[in-house]
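Residue-level structural notes
Here's the letter readout for the chains.
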Amino acid sequence: MRLLTARLSARRRSRFAGPVVLMFALLLTGGLYTALSPASADDATSSDTDTVAKGRELFLVGCSTCHGKNGEGVDSTTGWYGPPLVGVGAASVDFQVGTGRMPLAAPGPQGADRRHVYTDEEVEALAAFVASLGPGPVVPSEEEYSPDAIPEDEREEAIVRGGEFFRTNCTACHNFAASGGALPGGKYAPTLQGVEPKHVYEAMLTGPQQMPVFSDEVLKPEEKRQIIAYLRNLEESPAYGGAQLGSYGPVSEGMAAWVFGIGACVAFAVWIASHTARSTRKGAKA
Amino acid sequence: MSTNAKAAVKPAKPSKIGAAANYADERTGMAGLAKKQIRKVFPDHWSFMLGEIALWSFVVLLITGVFLSLWYKPSMAEVVYNGSYDALRGLHMSEAYASTLDISFDVRAGLLMRQMHHWAAMLFIAAMFVHLIRVFVTGAFRKPREINWLIGGVLLLLGILEGFAGYSLPDDLLSGTGLRIADGLVKATPVVGTYMSFFLFGGEFPGDLIIPRLYIAHVLLIPGLLLALIGAHMMLLVYQKHTQWPGPGRTNENVVGYPMMPIYAAKAGGYFFVVFGITALMGGLMSINPVWRFGPYNPAEVTAGSQPDWYMGVAEGLLRIFPGWETSIFGVTATWSVIIPGQIAPMLILTGILFYPFIEAWITGDKSEHHLLERPRNAPNRTAFLAAMMTFYGLLWAAGGNDILAVLFNLNLNHITYFMRVAIFVLPPLAFWLARRWCISLQRSDEAKLLHGYETGVIMRSPDGGYSERHAPISAEEAYTLMARDEEKVYEAPAGTDLNGVAARKVRVMQLRSKASKYWFGDNIRKPTREQLEEARAHAEHELAIQDGHTNGHSNGHADGHSNGDGRQPVRSGSHAAPAAIEGRSSTDPGSSEK
Ligand code: HEM
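Nothing here was measured: the structure is a model prediction, and the numbers come from that model.

**Structural notes on the coordination of the iron atom of the ligand**
Six octahedral donors around a metal ideally sit at 90 or 180 degrees from one another, while four tetrahedral donors ideally sit at 109.5 degrees. Residues and elements named next belong to chain B. Distances from the iron atom of the ligand to its protein donors, namely His117 (NE2) and His218 (NE2), fall within the range 1.9 to 2.0 Å. Relative to the metal, the six donor atoms surrounding the iron atom of the ligand lie at angles of 88 to 179°, and the coordination shape comes out octahedral. Separated by 101 residues along the polypeptide, histidine 117 in helix H6 (residues 110-137) and histidine 218 in helix H10 (residues 210-240) bring together distant segments of the chain. Taking the relative accessible area as the measure of exposure, histidine 117 reaches 16% and is therefore buried. Owing to a relative accessible area of 12%, histidine 218 belongs among the buried residues under this scheme.

**Details of the pattern of salt bridges**
Pairs may arise between side chains of opposite charge once their charged atoms sit close together. The tally for this structure, following the rule as stated, stands at 21 salt bridges over all chains. When the shortest N-O distance is used, the salt bridge between A:Arg232 and A:Asp148 registers 2.9 Å. In this pair, A:Arg232 is assigned in helix H11 (residues 221-236) and A:Asp148 in the loop between helix H7 (142-145) and helix H8 (155-169), connecting sequence segments 84 residues apart. According to the relative accessible area criterion, A:Asp148 is partly exposed, its value standing at 48%. In this structure, the salt-bridge partner of B:Glu478 is B:Lys449, at a minimum N-O distance of 3.5 Å. Placement of the pair is B:Glu478 in helix H18 (residues 476-483) and B:Lys449 in helix H17 (residues 413-452), with a sequence separation of 29 residues. Overall, B:Lys449 belongs to the partly exposed group, its relative accessible area being 26%. Linked through salt bridges whose partners overlap, the residues forming this network are B:Arg142, B:Glu360, B:Glu374 and B:Arg382.

**Let's talk about the environment of B:Glu488**
Residue and element names in this part refer to chain B. Looking at the element boundaries, glutamate 488 is found in the loop between H18 and helix H19 (504-522). Separated by 34 residues in the primary sequence, glutamate 488 and glycine 522 have C-alpha atoms spaced 9.8 Å apart. Ignoring sequence-local partners within four residues, the contact set of glutamate 488 consists of Asn378, Phe521, Asn524 and Arg526.

**Structural notes on the UniProt feature "transmembrane region" (unreviewed entry) in chain B**
Residue and element names in this part refer to chain B. Summarizing the sequence annotation, UniProt attributes the feature "transmembrane region" (unreviewed entry) to residues 46-72, 119-137, 149-169, 215-239, 268-288, 344-363, 384-409 and 415-435 in the numbering used throughout. Between the C-alpha atoms that bound residues 119-137 the distance is 27 Å, and the span itself is 100% helix and 0% strand. Span residues 344-363 is 100% helix and 0% strand, its end C-alpha atoms 25 Å apart.

**A short note on the packing of helix H4 (residues 50-69) of chain B against helix H11 (residues 260-285) of chain B**
Two numbers describe a pair of packed helices, the interaxial angle and the distance between the axes. All names here are of chain B. The contact between H4 and H11 brings their axes to 9 Å, and the two run at 55°. Relative to H11, the element H4 lies oblique. The element H4 and its partner H11 pack so that their crossing is right-handed. Residues Glu52, Ile53, Trp56, Ser57, Val59, Val60 and Ile63 of H4 touch H11, and the partners they reach there are Tyr264, Ala268, Tyr271, Phe272, Val275, Phe276 and Thr279.

**Describing the UniProt feature "domain: Cytochrome b/b6 N-terminal region profile" (unreviewed entry) in chain B**
In the numbering used here, UniProt assigns the feature "domain: Cytochrome b/b6 N-terminal region profile" (unreviewed entry) to residues 20-246 of chain B. Taken end to end, residues 20-246 of chain B has its terminal C-alpha atoms 42 Å apart, with 68% of it in helix and 4% in strand.

**A look at the pairing of strand E8 (residues 467-472) of chain B**
As paired strands, strand E7 (residues 454-461) of chain B and E8(B) are joined by five bridges and run antiparallel to one another. The residue bridging B:Glu455 from the neighbouring strand is B:His471, located in E8(B).

Conventions we followed
- Residues numbered from 1 in each chain as written.
- Chains lettered and ligands numbered in written order.
- Predicted model: local features only at pLDDT ≥ 70, side-chain atom pairs only at ≥ 80, totals over all residues.
- Heavy atoms only, no water.
- Donors = N, O, S within 2.8 Å, 3.2 Å for Na, K, Ca; no water.
- Tetrahedral: all angles 85-135°; square planar, octahedral: opposite > 155°, others 65-115°.
- Helix = DSSP H or I, 4+ residues; strand = E, 2+ residues; numbered from the N terminus.
- Buried < 20%, exposed > 50% of the residue type's maximum accessible area, 1.4 Å probe, protein only.
- Salt bridge = Lys/Arg side-chain N within 4 Å of Asp/Glu carboxyl O.
- Contact = heavy atoms within 4.5 Å.
- UniProt positions renumbered as here; feature names shortened; annotations may be inferred.
- Axes fitted to C-alpha atoms, helices over the stretch in contact; angles between N-to-C directions.
- Parallel < 35°, antiparallel > 145°, perpendicular 65-115°, else oblique.
- Left-handed = near helix turned anticlockwise from the far one by under 90°.
- Pairing = 2+ DSSP bridges.

See the structure below:
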């Protein structure tokens, strides 16, 4: 059975199968989206102006001290400075505010503090406002990032390919098990476990901080989705070998060998040597 | 003398086993040999079992390794993976990697065996290290055991090489990254580096020969050498007999402990099951080297957390913190940042370990045989040197995992590097100094115990209102143990006229040696002489007599089993420390026969 699916999947990988299936999938989901999406195009523009206005208000209160009133950025020598946001796009705002990085709590090498200050609507409004400053990457739609949108019979192959993309593009910073890694200068690539698929997608799209931008030319949208599918598989697959020891690789394994292994062996050695055949053990010394 | 003699001489009815043993004996004459070994005496102390951890984990390695070799395919031929692990199915990979995945997911108990094998490998080398530390710090490497020390050092080196070869076998991303670094080390050799690398890998790295080659080294060559050396190690141990801690009844001429049969064999055999159980538990409960997560080796990939196994951590650390020095001479580039940490430093450390006994013997000028161990405090420089080396090792170890430290403790990677660059020069000497001072103060406290007794915790108030703590003499056993130290002789370079005609170079060596020897023993507290001890005892008796006069009602307070009030020590027969068996040492005392 397994052999059969493997052979099938090998055939599926023929030159045309992929694009054709993808076209169908896109057409289908696209059609469904336009049919089911609540807001029509005209509605969107009128409600957009409202959202932008609301976003502008929020921005003036929460963000302008660092990013300037019109997102032009504030340059200062004291370090309280925010880069210009013109052209960073809605995706960047959604990522930065959605993951709780922005508004930045305090200057430091990296905004890690996950304070969620804004509601989803407010984030949307902020994103709309920043997007109105200049064109940039838009917030991805659910079927772009959600691994659930991958057809059932292609999921396994998507995970395999996602794994390849992940190992080639991401593990250098984020570690093989996506448990994070250090970067020079006190910066670090955070763990990707528990990060929402949307934010993973946006991170690739906008490249926060040290992370490179993986534009759609570098990693096609469906490849990004495959990476997300792999990450979810990584999270959901059982811990085959037992306790994962943080998934940090040989360093934590070595630690465990010394602490648990040698520790237990020495404890037993002490125990065995102290249980002697002597009549009483009092005064048994060295 | 032996307490278990009853069991041994009990007449037994000829059983089937007995008959078989008889049959074998009549044809091989083994009984005579075996009888002698059965009566072999082993002293008892937990630290003497550390080497056993290494021995037993080696046995676990042999068992699990043979299991793995039944399924592992040492081939770098490309195959398409079709096993049970979904997330890699359909990928192209080497047969070695695919078979490792099969062992992990499709062979019954395969993952358990792989993990046991790997945990046992970590334990094997770790146990050799702690065993080496024990031997070092107790001076057990001194004459006549230098050869066994050398064998131990070579075993350690071979164990590390064996582990590295094993680590490379699965041909996953970590294996490949490790081999890449090894390739870099080889290539860094000036002039011949590239040729050596081509020779090793059979062409351009990675080629398709390295895994089969490492496999032969891993399952045949190095295990064979290890087995032979372990055999030699044990035979020397049996021949020279085990060292022991000094104590009443234990001298340089005997061994006090338990006979091989049945007590020691039961203990050692039981310990095998303990070590086996611990590796089985670790293999069953803790993930190690989850190769399916690393993916097949691909020279274009790398992952954060790429580290070697812990025993290579020091080399890794040195590589990581070394500044990027490089010089170019006549078109040949010497990459110091690889040559020094990767080639020169490990060799220096290894030769240092191997030759230590000879260096120390040269300084102390000690040519006598030692079967009694030395307490760490009584050799302050040796202990301090160990403390310094352990600090050095620990720092480099931490440097090898600098990225993990940075993530776990929110540190700055660069700061760790700067810190380590300074720390490896500053902290080891500091550790040396601290450990040395500590040892010497422990010697002082021993001396105080011998001359003034131990602190009883009983506070005395004198008639004029002063307070003092009462000291009571220590037991005869303890005093004996404390006094069982070698007399120390500082080497003096011959002076003046004696040196006429001696080459200047030789004189300089003598003077250096004399200086080293002075430093070696210089600050040690001499052990008290007989006169000092006798005077101290007279003093104590006098003191106690006076004090008892004042504190009649408290006479029980200080008599806690060590002193019966008049300060005289009843020399108790060693009822509670009765040695189970004593064996003479024929090497130093040819007259006394083994019992
Ligand atoms: C004495 C010391 C030995 C050490 C330190 C050692 C160490 C290692 C290590 C670290 C691995 C990698 C395991 C992994 O996949 O995570 C390995 C793999 C392997 N070892 Fe050993 N080993 C030793 C002895 C042996 C012996 C005696 C045999 C066979 C007779 C053997 C057979 C194998 C095989 C076939 C593999 C590859 C299988 C695999 O990676 O899953 N080993 N060894």
